[in-house]
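Here's the letter readout for the chains.
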Amino acid sequence: METESEPYVRLATLRQLHQVMADMNTARSLADTLQTVADGIVTGLGFELAAVNLVRQDGDLVVAALAGNSAAEALITGRVGSRASWERRLSMGEAWGDLRFIPHTEGWVLDDDDVPQWYTDGPEPRFEDEWHPSDRLFAPMYTPGVQGGTGELIGVISVDRPRNGRRPGAWGREALQMYAFQGAIAISNARLRANMQRALVRLEREQQALRASEESFRQAFEYAPSGMAIAEMGGDQHGRILRTNDALCRLLGRPASAMRRYSFSDLVHPEDIGTLLRTSAEGGRAELRLGRRDGTYVWVSLRNSVVADAADGPRFLLTHVEDIEERKRRELQLAHRASHDSLTGLPNSAELRSRLSARLCQRPQSLPPGAAESLDAAYGAYETDHPAAYDGSGHAFDFHTGPGPFGGFDHHVHTVAPDRDTDDGTKGLAVLFCDLDGFKSINDRFGHNAGDAVLIEVARRLTRGVRDGDTVARLGGDEFVVLADGLGKADAQDLAVRLRNEIIQPIRLDGRAMRVGASFGIGWAHCGMTADEVLKSADERMYVEKRSRPKQHRRAG
């Protein structure tokens, strides 16, 4: 009801509103802000009881702060009302702008819902605008909307018992509505500050954890017993070494400052560059050789891990380098023992057959006319598309792609043999089968130690008498085989004579001069034969040659 003193009351109220709004925006925490909003209604807007109901993450509203009645505060603070019940309240009664007033004549239907409330009772109003204890007045708080629109509901202020005993007039309603708007801003700002504080605390903790992690990584990297390196990934400097630990520097005999001038491709053995590139691109593990400062190479196990950034993609390679020189040496020794004769050090029978088989395929050197015509018909398209695929002798590349002994795309260079009856100038793979003459008598007369010494010397002479790319193998007992590629018939015969002349020279042992003879059979390997067939052919020719010479020329001793 209007009175003469109201203008002065409003001025005092404005001063109080100014003060409580200032207090709202200076509260240190969200809880302090909520309590300040509730207290400001009691001290600045003239209500005896005020509660701030805050929207939770699940949508329900909790009584977050209450002012004006300690008993009510103890009873309902922290209690929760469902979102559905609140939406029901905010759709009932009279709309005073953004406020919602539910008179006691309608509010009785809300007495049994789940919204926490403070029950009071009183007599019926004596005049129209008198406040009844069961009247309800709510001021919804929304986040500031775009261009003055209404944002999201963040809470509801509920007030009770105006000190003047009357329902708020137009000015009081406007003041409460304005206060709710400012309260929403204060609560939003307090939440933002709280979120920022939590983010700062979380960021500081993450930074501390990152610093601790970086320190742990640094110590693990620097003091690892095996080599470690960080290399650049991508760009023009891909593979460039950025950082190395002491173990890797010691392993390669290079200082850390010098290592930063290299990439692993500068240090790897030329034969292992392909292995390194595959490992660098895909990550994973590889065994290869790295160069030391003194020019030697060391076998290492190299394991790459791609260290990626979630935003920018792969950034660098973390490389673990383990010295496996001793293991590789043992492996090579075991492989050598498995493929070489323990007495002479020459390739053994198994290794000989392996090397010979590697030069042979199942395609015959020559085919009868019917078979050749069938082959032309079957592969006519390839002959048309690739006129140089193979020549008449079959000594070239085979582009056969179907099933068969040649594989899907055969780059095998076929092995051919000279004509059996004439020297047509063809160069082929000569197989010289050597059998020592008179070796058994040396074993019988001088013992097996003398026989072993003779075999070792014969092996040395044979090896000395052939080219670097040729193979000298011990087939077993006193039998040796020489594989010499790129020879014609005359070349192979000259080589056999030369080797025989080397072998028949006296062998001196413990003051004695011993002699052994040698019979050579020359066979020719060509595709379409097996290794055993090639050796059998050379063996048969050796026996023909042995029987053709007088017996006295085969004696030794």
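> Hey, could you run me through the overall build of the protein chain in this one?
Summing up its helical and strand segments, the protein chain has 18 helices and 18 strands in all. In the protein chain, which comprises 557 residues, the proportion classed as buried is 42%. When contacts within the protein chain are restricted to residue pairs at least 6 apart in sequence, long-range pairs at least 24 apart make up 58% of them. Entry remark: accessible area of the protein chain is about 30400 Å², with carbon and sulfur atoms responsible for 51%.

> How do you make sense of the nonpolar core when you look at a structure like this?
The nonpolar side chains of a soluble globular protein tend to be buried, and buried together. In this structure, L137, I157 and Y179 are the most contacted members of the largest nonpolar core, which totals 34 residues. With sequence-adjacent residues up to four places away left out, I157 is seen in contact with V37, I41, A51, L137, F138, A139, M141, Y179 and A180.

> Honestly, the pattern of salt bridges in this entry has me stumped. Any pointers?
Two side chains of opposite charge can pair, provided their charged atoms sit close to one another. Evaluation of the coordinates by the stated rule reveals 33 salt bridges. Residue R126 pairs with E130 through a salt bridge whose shortest N-O separation is 3.4 Å. The exposure class of E130 is buried, given its relative accessible area of 13%. Note that R460 and E457 form a salt bridge whose closest N and O atoms lie 2.3 Å from each other. A residue pair is termed a helical-turn pair when its members lie 3 or 4 positions apart in one helix, as R460 and E457 do in helix 16 (residues 448–464) at three residues. Residue classification places R460 among the partly exposed positions, given a relative accessible area of 41%.

> Before we go on, may I ask you to explain the packing of aromatic side chains in this structure?
To describe a pair of aromatic rings, you give the distance between the ring centres and the angle between the ring planes. Counted by the stated rule, this structure contains four aromatic pairs. Judged by centre distance (4.6 Å) and plane angle (10 degrees), the ring pair of W96 and F101 falls under stacked. A relative accessible area of 8% means that W96 is categorised as buried. Between F101 and W131 the ring centres are 5.9 Å apart and the planes differ by 55 degrees, which places this aromatic pair in the tilted class. Of this pair, F101 sits in strand 5 (residues 99–102) while W131 sits in the loop between helix 5 (104–107) and strand 6 (136–144), and the two are 30 residues apart along the sequence. Among the residues examined, W131 registers a relative accessible area of 8% and is labelled buried. Ring pairs connect the aromatic residues W96, F101 and W131, which therefore count as one cluster. It is R89 that lies over the ring of W86; its NZ or CZ is 5.8 Å from the centre. Against the face of W299 rests K328, its NZ or CZ located 4.5 Å from the ring centre.

> So what exactly am I meant to see when it comes to the packing of helix 16 against helix 17 (residues 489–503) here?
Between two packed helices, the angle of one axis relative to the other and the distance separating the axes together describe the packing. Running from amino to carboxyl end, helix 16 crosses helix 17 at an angle of 145 degrees, the nearest separation of the two axes being 9 Å. The handedness of the crossing between helix 16 and helix 17 comes out as right-handed. From helix 16, V458, R461, L462 and R464 reach across to helix 17, where they touch L499, E502 and I503. Partitioned by chemical class, the residues of the contact of helix 16 with helix 17 number four nonpolar, no polar and three charged.

> Honestly, unusual backbone geometry in this entry has me stumped. Any pointers?
Negative phi characterises most residues that are not glycine, and trans characterises most peptide bonds. The phi dihedral of R161 falls on the positive side, at around 55 degrees, and the residue is not glycine. In this structure, R161 sits in strand 7 (residues 150–162). Of note, D510 is a non-glycine position whose phi angle comes to about 55 degrees, a positive value. For D510, the position within the fold is in the loop between strand 16 (507–509) and strand 17 (512–514).

> Is there a simple way to explain the packing of helix 2 (residues 30–44) against helix 6 (residues 170–222) in this structure?
Relative to each other, helix 2 and helix 6 sit at 165 degrees, their axes nearing to 9 Å. Considered as vectors, helix 2 and helix 6 are oriented roughly antiparallel to each other. The chirality of how helix 2 crosses helix 6 is right-handed. Residue-level contacts link L30, T33, L34, T36, V37, G40 and I41 of helix 2 to Y179, G183, A186, I187, A190, R191 and R193 of helix 6. Taken together, the residues of the contact of helix 2 with helix 6 break down into eight nonpolar, four polar and two charged.

> Help me understand the pairing of strand 18 (residues 517–525) in this model?
The two faces of a sheet get side chains in turn, since along a regular strand they alternate between them. Most of strand 18 is tucked away, with nine of its nine residues classed as buried. Residues of strand 18 alternate between two faces, with G517, S519, G521, G523 and A525 on one and A518, F520, I522 and W524 on the opposite face, all of them buried. Bridge analysis of strand 13 (residues 428–437) against strand 18 gives nine bridges, and the strand direction is antiparallel. For D435, the partnering residue across the bridge sits in strand 18 and is S519.

> I would appreciate a short explanation of the side chain of E457 in the present structure.
Among the residues examined, E457 registers a relative accessible area of 17% and is labelled buried. There is a polar contact of 2.9 Å between the side chain of E457 and the side chain of R461.

> Before we go on, may I ask you to explain the environment of H320 in this structure?
Residue placement: H320 occurs in strand 12 (residues 313–323). Distance in space between the C-alpha atoms of H320 and A229 is 6.6 Å, their sequence separation being 91 residues. Each residue touching H320, except ones within four places of it in the same chain, is listed here: S226, G227, M228, S301, L302 and R303. For H320, the side chain forms a polar contact with the side chain of S226, separated by 2.6 Å.

> Got a minute to help me understand the side chain of E479 in this structure?
Within the element layout of this structure, E479 appears in strand 15 (residues 479–487). Buried charge without a salt bridge: E479, with K546 as the nearest opposite-charge side chain at an N-O distance of 8.3 Å. Leaving out residues up to four positions away in the same chain, E479 has contacts with F433, C434, D435, A473, R474 and Y543.

> I keep staring at the sheet that holds strand 15 and nothing clicks. Help me out?
Each strand in a sheet pairs with its neighbour through backbone hydrogen bonds, running either in the same direction (parallel) or in the opposite one (antiparallel). Here four strands make up an open sheet; going across it, the order is 14-15-13-18 and the pairing antiparallel. Two strands lie at the open edges of the sheet, namely strand 14 (471–476) and strand 18, each paired on one side alone. Strand-to-strand twist across the sheet, computed as the mean angle between neighbouring axes with direction ignored, equals 25 degrees. Running at roughly 5 degrees to strand 15, helix 16 makes contact with strand 13, strand 14, strand 15 and strand 18 of the sheet. Packed on one face of the sheet, helix 17 meets strand 13, strand 15 and strand 18 and runs near 155 degrees to strand 18.

Calculation rules
- Residues numbered from 1 in each chain as written.
- Predicted model: local features only at pLDDT ≥ 70, side-chain atom pairs only at ≥ 80, totals over all residues.
- Heavy atoms only, no water.
- Helix = DSSP H or I, 4+ residues; strand = E, 2+ residues; numbered from the N terminus.
- Buried < 20%, exposed > 50% of the residue type's maximum accessible area, 1.4 Å probe, protein only.
- Contact = heavy atoms within 4.5 Å.
- Areas by Shrake-Rupley, 256 points an atom, 1.4 Å probe, with all protein chains shown as cover.
- Core = buried A, V, L, I, M, F, W, Y, C linked by side-chain atoms within 4.5 Å.
- Salt bridge = Lys/Arg side-chain N within 4 Å of Asp/Glu carboxyl O.
- Phe/Tyr/Trp six-rings, centres within 6.5 Å; stacked < 30°, edge-to-face > 60°.
- Lys NZ or Arg CZ within 6 Å of the ring centre and 35° of its normal.
- Axes fitted to C-alpha atoms, helices over the stretch in contact; angles between N-to-C directions.
- Left-handed = near helix turned anticlockwise from the far one by under 90°.
- Nonpolar A, V, L, I, M, F, W, Y, C, P; charged D, E, K, R; others polar.
- Parallel < 35°, antiparallel > 145°, perpendicular 65-115°, else oblique.
- Pairing = 2+ DSSP bridges.
- Polar contact = N/O pair within 3.5 Å; in protein donor to acceptor, adjacent residues only side chain to side chain.
- Lys, Arg positive; Asp, Glu negative; His and termini not counted.

The analysis is restricted to geometry; functional conclusions fall outside its scope.
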